[in-house]
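Chain by chain, the residues run as shown.
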Amino acid sequence: MSTPSPKLRSRKRLATRQSISNAATRLFLERGFEHVTIDEIAAAADVGRMTVFNHFPRKEDMFFDRDEEGRAILAQALRERAPGVSPIESLRRLAYRLLAEQSPYLRFSAESQGFIKTVEASETLKARARAIRDEIARAVAATLAECAGQEAPDPAADLAAHLLLAMWTVALIQAHRTFRDKQDSEEANAVFLAIIDQGTIGLNAAMAGTPYA
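Residues numbered from 1 in each chain as written. Predicted model: local features only at pLDDT ≥ 70, side-chain atom pairs only at ≥ 80, totals over all residues. Heavy atoms only, no water.

Asker: Give a description of the UniProt feature "domain: HTH tetR-type" (unreviewed entry) in the chain that names residues and reports values.
Answerer: Summarizing the sequence annotation, UniProt attributes the feature "domain: HTH tetR-type" (unreviewed entry) to residues 14-74 in the numbering used throughout. Taken end to end, residues 14-74 comprises 75% helix and 0% strand; its first and last C-alpha atoms sit 22 Å apart. (UniProt positions renumbered as here; feature names shortened; annotations may be inferred. Helix = DSSP H or I, 4+ residues; strand = E, 2+ residues; numbered from the N terminus.)

Listed below in structure tokens is the structure:
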């Protein structure tokens, strides 16, 4: 019997991980995060309990399963920006691109409302969301310093990163609220981009004289 190639093993591992995440998210949305057990997730995904933990050390990681992918997208936008485009401007353009591509990160819809309501109903998920935001801010600060050839930690990069994350957080919250009140995805998109544009103006003013504006 031949041994599966590394590429095939990797695909199978990713498929199993996605299956677990899908099963967990469905149960979380149906019953609430706190009311779903690991054993129930394992049964729904047709895997063993230890297989779940092999892919997701924490229960909340199954809900925020796109976290690492999101960080990679931010880093790529900073590192691969066009000549003459500042780091701050590259992330403003990223917001427009993700909306145009209908990225799951920026989707304001009935489906996304279920995600938001599940987070709001769970102290564990809210705490993890705050931790993720802080982790992303640190990662963005490191990437900003790297792109500017500055030695990390760089106070200016830290300030820019935390202001950027605050701006995106406000934009996301207001866009989701707009959809909840108006049931209009286009209006929610417009609210999101308006806040990103306005925040970018303020951020550029705050970071004037640094390599990031």
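The structure having been displayed, the exposition proceeds.
Asker: Go over helix α6 (residues 87-100), please, and point to the residues and values.
Answerer: Here α6 contains 14 residues, and its C-alpha end-to-end distance of 20 Å stays within 8% of the 20 Å for a straight helix at 1.5 Å per residue. Restricting attention to buried positions, one finds in α6 the residues P87, I88, E89, S90, L91, L94, A95, L98 and L99. In this structure, the buried residues of α6 make contact with α5 (67-79), α8 (123-148), α9 (155-182) and α10 (185-206). Immediately beyond the C-terminal end of α6, within one or two residues, lies Q102, with a positive phi of roughly 55°. (Expected span 1.5 Å × (residues − 1). Buried < 20%, exposed > 50% of the residue type's maximum accessible area, 1.4 Å probe, protein only. Contact = heavy atoms within 4.5 Å.)

Asker: Kindly report on the pattern of salt bridges, identifying the contributing residues and their values.
Answerer: Applying the stated rule across the entire model yields 17 salt bridges. Put simply, R128 and E135 hold a salt bridge, and the shortest N to O gap is 3.0 Å. (Salt bridge = Lys/Arg side-chain N within 4 Å of Asp/Glu carboxyl O.)

Asker: Before we move on, could you go through the environment of P104 and cite the residues and values that matter?
Answerer: Topologically, P104 is positioned in the loop between α6 and α7 (110-120). Using a relative accessible area of 41% as the deciding quantity, one classes P104 as partly exposed. Along the chain, P104 and R66 lie 38 residues apart, while their C-alpha atoms are 9.2 Å from each other.

Asker: So what about the packing of aromatic side chains? Which residues, and what values?
Answerer: A complete count under the given rule lists seven aromatic pairs for this structure. Where F63 meets F115, the ring centres are 4.3 Å apart and the plane angle is 15°; that geometry is what we call stacked. Separated by 52 residues along the polypeptide, F63 in helix α4 (residues 59-63) and F115 in helix α7 bring together distant segments of the chain. Take F115: its relative accessible area is 30%, and that puts it in the partly exposed class. Here the aromatic cluster, defined as three or more aromatic residues joined through ring pairs, consists of F28, F33, F63, F64 and F115. The residue whose ring lies beneath K59 is F33, and the NZ or CZ to ring-centre distance is 4.4 Å. (Phe/Tyr/Trp six-rings, centres within 6.5 Å; stacked < 30°, edge-to-face > 60°. Lys NZ or Arg CZ within 6 Å of the ring centre and 35° of its normal.)

Asker: How would you sum up the nonpolar core? Please name residues and give values.
Answerer: A general feature of soluble globular proteins is that nonpolar side chains tend to end up buried together. Counting 55 residues, the largest nonpolar core has F28, I41, M62, F108, V140, L144 and F192 as its most contacted members. Listed by contribution, the elements that provide at least two residues to this core are α1 (6-31), α2 (38-45), α4, α5, α6, α8, α9 and α10. At 10 residues, α9 tops the list of elements feeding residues into this core. Not counting residues within four places of it along the chain, the set of residues in contact with M62 comprises I20, S21, A24, T25, F28, I38, I41, V52 and F56. (Core = buried A, V, L, I, M, F, W, Y, C linked by side-chain atoms within 4.5 Å.)

Asker: Quick rundown of the UniProt feature "DNA-binding region" (unreviewed entry) in the chain? Include the residues and the values.
Answerer: The sites that UniProt annotates as "DNA-binding region" (unreviewed entry) are residues 37-56. Here residues 37-56 runs as 75% helix and 0% strand, with 13 Å between its end C-alpha atoms.

Asker: How would you sum up the side chain of K59? Please name residues and give values.
Answerer: Mapped onto the elements, K59 comes out in helix α4. For the buried residue K59, which engages in no salt bridge, the nearest side chain bearing the opposite charge is E34, 5.1 Å off. Within the local environment of K59, its side chain forms a polar contact with the backbone oxygen of V36, the two atoms lying 2.5 Å apart. Ignoring anything within four residues of it in the chain, the contact list for K59 reads F28, F33, E34, V36 and I38. (Lys, Arg positive; Asp, Glu negative; His and termini not counted. Polar contact = N/O pair within 3.5 Å; in protein donor to acceptor, adjacent residues only side chain to side chain.)

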